[in-house]
Amino acid sequence: MKGITLLWVLFSSWSIQTQAQMRISPETVQQWANAFGKQIVALSNRYSGAQLLQKKYKDVEPIIKMVEVDGLKMVKEFAEEMENMLGRKMKSVKRMAEIAEDADFYHEYNATLEFDYFNSMMINEVDEDGNNVDLGGEFPLEENEHFNKLPVNTQQSVIQVPTNVYNKDPDILNGVFMSEALNDVFISNFEKDPTLTWQYFGSSTGFFRLYPGIKWTPDENGVVTFDGRNRNWYIQAATSPKDIIIVVDISGSMKGLRLTIAKHTINTILDTLGENDFVNVIAYSDYVRYVEPCFKGTLVQADLDNREHFKLLVEGLQVKGEGKVKKAMKESFKILNEAAAEGRGSLCNQAIMLITDGAMEDFQKVFEEFNWPDRKVRVFSYLIGRELTFADNVKWIACNNKGYYTHISTLADVQENVMEYLHVLSRPMVIDHDHDIIWTEAYMDSVLFNTQAESLLLMTSVAMPVFSKKEETLSHGILLGVVGTDVPLKELMRLAPRYKLGVHGYAFLNTNNGYILSHPDLRPLYKDGKKLRPKPNYNSVDLSEVEWEDTEFTLRTAMVRGESGTISLDVRATVEKGRRVVFLKNEYFYTTINETPFSLGIVLTNGHGKNAFIGNVSVEEGLHDLTASDVTIANEWTYCETDIDPHHRKFTQFQAVVRYLLGKEPDLECDERLLQQTLFDAVITAPMEAYWTALLLNASGYYFPPTHSITDKFH
């Protein structure tokens, strides 16, 4: 308190003198600064007990082992552990796909099938007479720590059907009946890998099978809008990367409801695109105009920012003039042909989406010049409105360019009709049986269960397409759906523990598109009143936006290419929640995670993370001090894996550590090095309680014991 009082008196004196416009010499200010510094150091030394700890470490120096940290070796070890973890998820997904395809192979379609299943909206619901509602029934649910403390049933999956899909449609009933075979593999996967979270099958017919079973929560209007076919994991697994040009008619005949439907169709198409796709939007009437003039003549990555930007501009479209589709088609083909020739875009599928209420021109010459005979660009046509006068023309465009024609007369038709193009683009994959496994970018699935616990969990998903293997359908290329599972990124990052990286060290993940999966400077949420919500572009933050000292993009480029290496950067970092800036020299080590589109990087700071010491004390001595009343450990760290065996999930990290060290839970998987360091630190810091207690007693006017009585424990 004396130091603080002195600072206040000096500051007051300085303020008074300044107000009186008295001159103060630089030498005087320097003397004050030196005095302040000495006071602060003295206070810090006295009340922190730093000198006491330094002496303790000095006394045990002979039994401390100093090791230099090999950053490149460390990052490769972390990456290998992550590869193994993610590999287990991929094996689970492959098993799900195999079982689903076999079940479909032996299932005979029955148009009159009657089958009761557990509908996630209906379970445990009763009517006014107390009877179970249709497609409901008793469905035991038990709160589960592993699944965000949500009530689940780990012995049974449930079926979710969007509100706009009839839950007893023959296609739905046959698909649900066929996919019942997935129940056993869901349970088996979870037993083999208890770290698995949600497992699911999204059917091409619209239903969604989820394990473990859960009661689905509708939105505030009592509606379930979730459709698995709209989710990124489904779309990426169902199709290869693609270049899409959306061409929309804004001539005078498109006024009113037609324009509203057209805009909704564009937005729905945009929602089916991901960061591996490329897109542009062209509007036409008497002339061709780019919705975003800055994107003229090119393709842009269909990341979240660009998709939302297009949606905003599309909303402002207005009708005018006469529709001249030939010019718009020519412009679209030029963009796609140039992209393919110059090696730009996705270098895979290419398609034009034509949205119009009719086409009167002679447009055959356009296709002869730009697309025939190879027909490398598919053309999908969407006829808007109830009028069918020009239906034959619009249909001809699609059918003669390996596309698909659909008629959209109401807003309710948009969703189902737009999804058809995904099935067409998936046919080559289905026919060739390309079971490509895909990984999504980071996302927060706040839609899924409408719960805070789930919505704040940043995750990635691994998914795989499911094809029909029946002989009679092989040539048609029928996609049955997509299977997948979620991987919380927090669980993945636990494999790069902070204690190995030093005070300012950290680990981060990014995709082969340069977007961050996990990074300490990625802050995906903002506060909206009392609620936390995801920021609009939280999953399209580029690595260069957080590691901004990488001005030459050396680090970003190397990681996007999947290379291994190291780079040094001088950085400015904030500490104490942004109150203070420190200047650091960071060493970045990076490598790829095999079989995934991800790269891992770690940062070691010179003077803080390049060297580590390893202490050694007996378990008995360490436990004595670790279990003292004034000691706790960081519960968010993983000292022992409590999530593998359900029996261990009831333990806190502290309880797990103590029981393991006492031999009561020998089956626990624990980090031996971290436990060794924890026991060592417990012994080293044991005298601190007595020291701080003595300071408190002394400040209260009680006897302050001599220093040597506190440090006797050291000898």
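As a reminder, the structure under discussion sits directly above these lines.
Let us look at the structure shown here. Since this is a predicted model, take the numbers as computed values, not measurements.

Topic: the pattern of salt bridges
Then step 1. A complete count under the given rule lists 22 salt bridges for this structure.
Then step 2. Among the salt bridges present, the one from Lys242 reaches Asp277, with a minimum N-O distance of 3.3 Å. Here Asp277 lies in the loop between helix H8 (257–271) and strand E9 (278–284) and Lys242 lies in strand E8 (residues 242–249), a separation of 35 residues in the sequence.
Then step 3. The exposure class of Lys242 is buried, given its relative accessible area of 1%.

Considering the sheet that holds strand E25 (residues 598–605)
Hydrogen bonds between backbone atoms are what pair the strands of a sheet, whose relative direction is either parallel or antiparallel.
Then step 1. Strand order in the open sheet formed by five strands is E20-E19-E25-E24-E23, and the pairing between neighbours is antiparallel. Every interior strand has two partners, whereas the edge strands, strand E20 (516–518) and strand E23 (565–575), have only one. Strand after strand, the sheet turns through a mean of 35° between neighbouring axes, direction not considered.
Then step 2. Relative to E20, strand E19 (residues 506–511) runs antiparallel, the two sharing two bridges. Looking at E20, one finds that Leu509 is bridged to Ser518.
Then step 3. Running at roughly 145° to E25, helix H4 (residues 71–106) makes contact with E19, E23, strand E24 (580–592) and E25 of the sheet.

Structural notes on the environment of Asn400
Then step 1. With respect to the helices and strands, Asn400 occurs in the loop between helix H12 (391–399) and strand E14 (405–408).
Then step 2. A C-alpha to C-alpha distance of 9.6 Å links Asn400 and Gln364, two positions 36 residues apart in sequence.
Then step 3. For Asn400, the residues in contact, after removing those within four places along its chain, are Trp372 and Arg375.
Then step 4. Within the structure, the side chain of Asn400 is placed 2.9 Å from the backbone oxygen of Trp396, a separation counted as a polar contact.

Looking at the nonpolar core
Then step 1. Counting 105 residues, the largest nonpolar core has Met82, Tyr117, Tyr588 and Leu600 as its most contacted members.
Then step 2. A per-element tally of this core places H4 first, with 12 residues.
Then step 3. The residues touching Tyr588, leaving out its near neighbours within four places in the chain, are Tyr506, Phe508, Glu547, Leu555, Gly565, Thr566, Ile567, Leu569, Val571, Ile602 and Val603.
Then step 4. Counting 37 residues, the second-largest nonpolar core is a separate cluster that includes Leu270, Val314, Met353 and Leu425.

Rules behind the numbers
- Residues numbered from 1 in each chain as written.
- Predicted model: local features only at pLDDT ≥ 70, side-chain atom pairs only at ≥ 80, totals over all residues.
- Heavy atoms only, no water.
- Salt bridge = Lys/Arg side-chain N within 4 Å of Asp/Glu carboxyl O.
- Helix = DSSP H or I, 4+ residues; strand = E, 2+ residues; numbered from the N terminus.
- Buried < 20%, exposed > 50% of the residue type's maximum accessible area, 1.4 Å probe, protein only.
- Pairing = 2+ DSSP bridges.
- Axes fitted to C-alpha atoms, helices over the stretch in contact; angles between N-to-C directions.
- Contact = heavy atoms within 4.5 Å.
- Polar contact = N/O pair within 3.5 Å; in protein donor to acceptor, adjacent residues only side chain to side chain.
- Core = buried A, V, L, I, M, F, W, Y, C linked by side-chain atoms within 4.5 Å.

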